[in-house]
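# An overview of the molecular structure
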Amino acid sequence: MKAQEIKKYQFLEGYSKLSKEDQIKAIEAYSINARLADEFDSFRHTDPELQKRFEEFSENTVSNFHFPYSIAPNFLINNELYHIPMVIEESSVVAAASKSAKFWAQFGGFQSTVLSTTKIGQVHFIWHGKTELLQEHFAELQEILIEGTNHITENMRKRGGGIQSVSLVDMTGEMTGYYQLKAEFETADSMGANFINSCLEEFSTILKVWISNSGHFYNSDKNVEIIMAILSNYTPDCVVETNVSAPLKAFENIDDELNAHAFVDKFSKAVEIARIDPHRAATHNKGIFNGIDAVALATGNDFRAIEACGHTYASRNGSYTSLTKLEVQNDIFTYTLKIPIALGTVGGLTNLHPLAMRSLELLRQPNAEKLMQIASAVGLANNFSAVKSLITKGIQVGHMKMHLLNILNTFHASSDEKAAAEKHFMQEKVSYNAVRKFIENSRIKKYNGNPN
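Residues numbered from 1 in each chain as written. Predicted model: local features only at pLDDT ≥ 70, side-chain atom pairs only at ≥ 80, totals over all residues. Heavy atoms only, no water.

### Focus: the pattern of salt bridges
If the charged atoms of two oppositely charged side chains come close together, the side chains can form a pair. Rules: The salt bridge definition used is simple: a Lys or Arg side-chain nitrogen within 4 Å of an Asp or Glu carboxyl oxygen. Whether a residue is buried, partly exposed or exposed follows from its accessible area with a 1.4 Å probe, protein chains only, as a fraction of its type maximum: under 20%, in between, or over 50%, in that order. Numbering of helices and strands runs from the N terminus, with a helix taken as a DSSP run of H or I at least four residues long and a strand as a DSSP run of E at least two residues long.
By the definition in use, this model includes 14 salt bridges. Between Arg44 and Asp41 there is a salt bridge, with the nearest N and O atoms lying 3.9 Å from each other. On the basis of relative accessible area, Arg44 is assigned to the partly exposed category, the value being 26%. With a relative accessible area of 49%, Asp41 lands in the partly exposed category. For the salt bridge of Lys158 with Glu154, the shortest nitrogen-to-oxygen distance reads 3.8 Å. In this pair, Lys158 and Glu154 both sit in helix 8 (residues 150-158), 4 residues apart, roughly one turn of the helix. On the accessibility criterion, Lys158 (64% relative accessible area) is exposed. Shared partners join several salt bridges into a network, and the residues in it are Asp41, Arg44 and Glu55.

Set out below in structure tokens:
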């Protein structure tokens, strides 16, 4: 782009260095809302110390963005009862989770097992020496890498974590001279991102020094280029498996039109479609993450990393597929979710955000493994409710009834209008146009002196 073309854009130079007041004024100049500054101010916390803490979570913070904080009660998980905090704006998710939890509590609730909590990090580097020489002497490098990071891993080792292994990955078939140091970590109850990245950056320094000073290589082989050192959000060995189980007769009255066998048969086909069709699998898995993300947000965890990992895991065999499976044996229905979820209960926002701390208190201060079990149970609950709705009355009936209040608010409905609409739509299908017509007709009648 030419200099004269760039000049036509009004870039905000040095925005991060402006005072909060000037940052807001600068943005207000771009807005058609003359009251933008007042609106930003209305969402700030009344406690100055808490507001300062919120602002320090991110950069260029001009206000707070509020999400609903809800409770999904009565989750029986491994014979323990939980009332689970969820942070999500999507209508019906909390209701669906709660309804599913109540149903499955009759049959022992959710059974959950953490299979592993291993996390992964990589040092990506370019080296043009002989692969055989690097492999031959790699055991020596492994020992130096572990010893050279002892000062970083000391506290983590005291908590039962640390570096589990370091391996050399030869990627020269994909890119000339490309190798990886692939390390596996145990981070106890923390998410461990900072710990892992600190270890990996130290690995980078050690690797360069070792190759440069080692007598194993010719001078021409002593140049190594570190491309990057970073954890991977794909943690296929940080896995939790959760299931629910019930006899087929449990579904006898689950729907007005389907008996137990018909319901289970249709449910089974829906799950199989999600296994074989990526378009359906994406939405099927999204229903799982509705629950998991809501728990992650409520507890101050990184839902973006969780989603990235889960979707990659769903593609691990070459095509995108569902994360659940259904087995029906000896008239027993067992529905299982197996998913990698890297969660933490210490460090980061879990110890800084007031409601994240309250969430962990409500969950009776779980360790990372218990939080994995809780989150996966909510994910499975939401998915079961979604599939059940899809194969019976359809997703829109329940979803749009929960969405009714949001639609009414877009029309600035009064309390009387909301009450009348809720009564009307108990028997009618909810849609945006249907609600719009109902509100318009109600207001016409009221204007004409006929509120009924």
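### A few points about empty space enclosed by the protein
Test applied: Only protein atoms enter the calculation, which uses a 1 Å grid: trapped sets of points that fit a 1.4 Å probe without letting it out are cavities, open sets showing protein on both sides within 12 Å along at least five of seven lines are pockets, and any residue with an atom within 4 Å of a point is a lining residue. Grid points are joined across faces, edges and corners, and a volume is the space filled by probe spheres set on the points. Residues were grouped as follows: Ala, Val, Leu, Ile, Met, Phe, Trp, Tyr, Cys and Pro as nonpolar; Asp, Glu, Lys and Arg as charged; and all remaining residues, including Gly, as polar.
In total, this model carries 1 cavity of 30 Å³ or more according to the counting rule given. One number sums up the size of the largest cavity: a volume of about 100 Å³. Met191, Ser232, Asn233, Thr235 and Ala342 are, among the 14 residues lining the largest cavity, the residues nearest its centre. Listed by contribution, the elements that provide at least two residues to the lining of the largest cavity are strand 4 (119-127), strand 7 (224-232) and helix 12 (303-314). The element contributing the most residues to the lining of the largest cavity is helix 12, with 3 residues. Partitioning the lining of the largest cavity into residue classes produces 10 nonpolar, 3 polar and 1 charged.

### Considering the layout of surface pockets
In this structure, the largest pocket encloses a volume near 1,400 Å³. Lining the largest pocket are 43 residues, with Phe57, Leu297, Gly300, Leu349 and His353 sitting closest to its centre. Where the lining of the largest pocket is concerned, the elements lending two or more residues are helix 9 (193-213), helix 11 (278-298), helix 12 and helix 13 (354-362). Grouping the constituent residues of the lining of the largest pocket by class yields 21 nonpolar, 19 polar and 3 charged.

### With respect to the environment of Gly347
Here Gly347 shows up in the loop between strand 10 (332-340) and helix 13. A relative accessible area of 35% means that Gly347 is categorised as partly exposed. Distance from Gly347 to Thr336, taken between C-alpha atoms, is 31 Å for residues 11 residues apart in sequence.

### Quick notes on the environment of Ile374
Within the secondary structure layout, Ile374 lies in helix 14 (residues 368-391). The spatial distance from the C-alpha of Ile374 to the C-alpha of Ile292 is 8.7 Å, given a sequence separation of 82 residues.

### Considering a nonpolar patch on the surface
Formally: Two distance rules govern patches: like charges are joined within 9 Å, and nonpolar side chains (Val, Leu, Ile, Met, Phe, Trp, Tyr) within 5 Å, applied only to residues with over 30% relative accessible area and no salt bridge. Here, Shrake-Rupley sampling with a 1.4 Å probe gives the accessible areas, and only protein chains in the shown set may cover a residue.
A contiguous nonpolar patch, built from Leu12, Ile27 and Tyr30 and spanning about 260 Å² of accessible area, is present on the exposed surface. Along the polypeptide, Ile27 turns up in helix 2 (residues 20-28).

### Thoughts on the side chain of Gln180
The criterion, for reference: The term polar contact refers here to a pair of N or O atoms within 3.5 Å; inside protein, the definition further demands a hydrogen-donor-capable atom paired with an acceptor-capable atom, and it admits residues adjacent in sequence only when both atoms are side-chain atoms. Note on definitions: a residue-residue contact is assigned when non-hydrogen atoms from the two residues lie within 4.5 Å.
Residue position: Gln180 is located in strand 6 (residues 178-186). Within the structure, Gln180 has its side chain in polar contact with the side chain of Gln122 (distance 3.1 Å). With residues near it in sequence (within four places) discarded, Gln180 still touches Gln122, Val123, His124, Phe125, Ser167, Leu168, Val169 and Met171.

### Thoughts on the sheet that holds strand 9 (residues 324-329)
What counts, and what does not: Any two strands between which DSSP finds at least two bridges are classified as paired. Every axis in this analysis is a line fitted to C-alpha atoms, fitted for helices over the stretch in contact. Angles between the N-to-C directions lie between 0 and 180 degrees.
Ordered by their spatial adjacency, 4 strands build an open sheet running 3-8-10-9, and the pairing between neighbours is antiparallel. The outermost strands of the open sheet, each flanked by one partner alone, are strand 3 (111-114) and strand 9. The average angle at which neighbouring strand axes cross in this sheet is 20°, direction not considered.

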